[in-house]
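Observations on the three-dimensional arrangement
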Amino acid sequence: HDMRKLIPEAARSVEVIHETEFLVVGSGPGGLSAALAAARAGARTALVDRYGCFGGNITQVGVEGFAWYRHERTVDCEGIGIELEQRAKAMGAASPEPQSDSHALDAEMFKYVADVLVQEAGIIPFLHRLCVAPIIENGLVRGVITESKSGREALLAERVIDATGDADIAARAGAPVHKAPREELMAASVMFSMTGVNKTRFLEQVKADPQTYRDWAGNSEWNIETSGKEDEMFSPFLRKPFKRAVAAGVIPANLSTLAGTWGSVTDQGDLTYLNIIHLPNVDGTDANDLTAAEIEGRRDAIHAIEALKRFMPGCEQAKLRNFGMTLGVRDTRKIDALYNLTGEDVRGEARFDDAIGIFPEFIDGYGVLILPTTGRYFHVPYRSLVPKSIGHLLVAGRAIGGDRISHASVRNMMCCTVSGQGAGVAAAVSVRSRQPFDRLDLDAVQQELTRQGARVR
């Protein structure tokens, strides 16, 4: 690569197509919650997404298990995240989740739910726009440049939230970020759903051979350490059909690590949110890695479907319904924030004066699974959303500051809604009070979060 050709690009002036108080880049659980929170706090808000729908991981990847960690004694967050689940339920876009006291979202229908929420809140939508650069003046983010079918455009705002999941805006603005080497990143996944499943037969098989979280152990990618209390709990886990398919020569021997979970099975025969394909050594900020992983992941999924048809009762006549619109990426850049969360914070019920929300003691990643069955929870601190050395920018979602084990908790979609709602309210307060993010009146932020129904402590 040292002989790479360079093409000079002419300098150009870019038309400003919109000016607003508050701009959110990325509309996943974090960005959607941030935009809703800011709009409800009275800020003029715009929401940008690179695809044709809002919802991020939910709608674009097809991750339907929104609160699969919730059990009888879970002390859960409150606020917009719970509202997304309830609203989906009310609009016929959710069904009971098999392993928890929660509802799985219908990824396709949630595209419409998100539209309705955005329109109700008076948020200005900008779909089909990829943010390619932040606009920076004197160390402050003043907006973003987008590329789309409309060409290159500029959006200006008084405050900006990076909810890209990859800290794209923060990194390009020069804020310090870090990313583990490829081999240490959590695997990426191609999500898929099937149709034509015989629900009765499928569930009879699940009941005849119930899988627990202990069954996840001893399978490379899915090898986990628990706190013990999870071991006997039911899990919608599938591995045996894939083992049998490899042994029978039906699928390639290198797929011996195929295993994973199913999300829900509908009366109509849809088996959704199949989280079975794991692609290690993928850097989600490298387009070449993403290209290779999409292609390999789809091929692996087709093999997995063949295994289920042959060896999972109820799947004999089933076929692929759909892939996610894009690869599911769990782990890339994280910002170096004013405060970086630690695994001890998450496991030790940390309490912070600048809390913007709570989240249960739920860890899922890097070989650790802890489910919140005992009422323990930690505070999510505002300072973890504030990047160093750049102004007028907050980060919401999985890229907030923290270590590996804290990331395994805060990356979960419901926790992304917690950091998102906190970021949106903070931005609205910041615009109103003209205070910078690193010297913000947290009393006003916590009061507005409470008014919006979030639980701060």
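Residues numbered from 1 in each chain as written. Predicted model: local features only at pLDDT ≥ 70, side-chain atom pairs only at ≥ 80, totals over all residues. Heavy atoms only, no water.

Considering the packing of helix α3 (residues 80-90) against helix α4 (residues 107-120)
Here is the rule: Fitting a line to C-alpha atoms yields each axis, with helices limited to the stretch in contact; the angle taken between N-to-C directions then spans 0 to 180 degrees. Every helix listed is a DSSP run of H or I at least four residues long, and every strand listed is a run of E at least two residues long, numbered separately from the N terminus. Take the far helix as your reference; a near helix turned counterclockwise from it by less than a right angle gives a left-handed crossing, and one turned clockwise gives a right-handed crossing. Throughout, a residue-residue contact means that at least one pair of heavy atoms, one from each residue, lies within 4.5 Å.
Direction vectors running N to C along α3 and α4 enclose 115 degrees, while the axes themselves pass 10 Å from each other. Along this stretch, α3 crosses α4, giving a crossing that reads as right-handed. Mapping the contact onto sequence places E83, L84, R87 and A88 in α3 and F110, V113, V116, L117 and E120 in α4.

Describing unusual backbone geometry
We count it as follows: A simple rule labels every residue: compare its accessible area, found with a 1.4 Å probe on the protein chains alone, to the largest value its type can have, and call it buried under 20%, exposed over 50%, or partly exposed in between.
One non-glycine residue, H128, lies in the positive phi region at around 60 degrees. When you line up the elements, H128 lands in the loop between β5 (124-126) and β6 (130-137). Overall, H128 belongs to the exposed group, its relative accessible area being 55%.

Some remarks on α3
An α-helical turn contains 3.6 residues, so any two residues separated by three or four positions project in the same direction. Among the residues of α3, those classed as buried are I80, G81, I82, L84, E85 and A88. Elements that come into contact with the buried residues of α3 comprise α1 (29-40), β3 (94-96), β4 (103-105), α4 and α11 (413-433). Positive phi shows up at G92, right after α3, with a value of about 70 degrees.

Examining the side chain of E230
Going by this rule: We define a polar contact as two N or O atoms separated by no more than 3.5 Å, with the added condition that, inside protein, one atom must be a possible hydrogen donor and the other a possible acceptor, whereas residues neighbouring each other in sequence contribute only through side-chain atom pairs.
Examined against the element boundaries, E230 turns out to sit in the loop between α6 (199-208) and β11 (237-238). Residue classification places E230 among the buried residues on the basis of a relative accessible area of 0%. Of note is the side chain of E230, whose polar atom sits 2.8 Å from the backbone nitrogen of L371. Residue contacts for E230: discarding those within four places in its chain leaves Y213, L369, I370 and L371.

Focus: α4
Which entries qualify depends on this criterion: The span you would expect from a helix comes to 1.5 Å times its residue count less one.
Across its 14 residues, α4 extends 20 Å between first and last C-alpha, which sits within 8% of the 20 Å expected from 1.5 Å per residue. By the burial criterion, the buried members of α4 are A107, F110, K111, V113, A114, V116, L117 and V118. Buried-residue contacts for α4 involve α1, β2 (45-48), α2 (57-61), α3, β4 and β5. The opening residue of α4 is D106, an N-cap whose side-chain oxygen sits 3.1 Å from the backbone nitrogen of E108. The positive-phi residue at the C-terminal boundary of α4 is G122, with phi of around 75 degrees.

Observations concerning the environment of A454
Among the structural elements, A454 can be located in the segment after α12 (442-451). Of the residues examined, A454 reaches a relative accessible area of 10% and is grouped as buried. C-alpha separation for the pair A454 and Y377, spaced 77 residues apart in sequence, amounts to 15 Å. Excluding anything up to four places from it in sequence, A454 contacts E78, G79, Q421 and L449.

Considering the packing of α1 against α4
The cut-off we apply is this: By the definition adopted for this analysis, an angle is roughly parallel if under 35 degrees, roughly antiparallel if over 145, roughly perpendicular if from 65 to 115, and oblique otherwise. Each residue gets one label: Ala, Val, Leu, Ile, Met, Phe, Trp, Tyr, Cys and Pro are nonpolar, Asp, Glu, Lys and Arg are charged, and the others, such as Gly, are polar.
Contact pair α1 / α4: the axes reach a minimum separation of 10 Å and the direction vectors enclose 20 degrees. What the angle tells us is that α1 and α4 run roughly parallel. Here α1 and α4 pass one another in a crossing that is left-handed. Across from L32, L36 and R40 in α1, the residues of α4 making contact are F110, A114, L117 and V118. Of the residues contributing to the contact of α1 with α4, the split by class is six nonpolar, no polar and one charged.

All quantities given are derived from atomic positions and should not be read as evidence of function.
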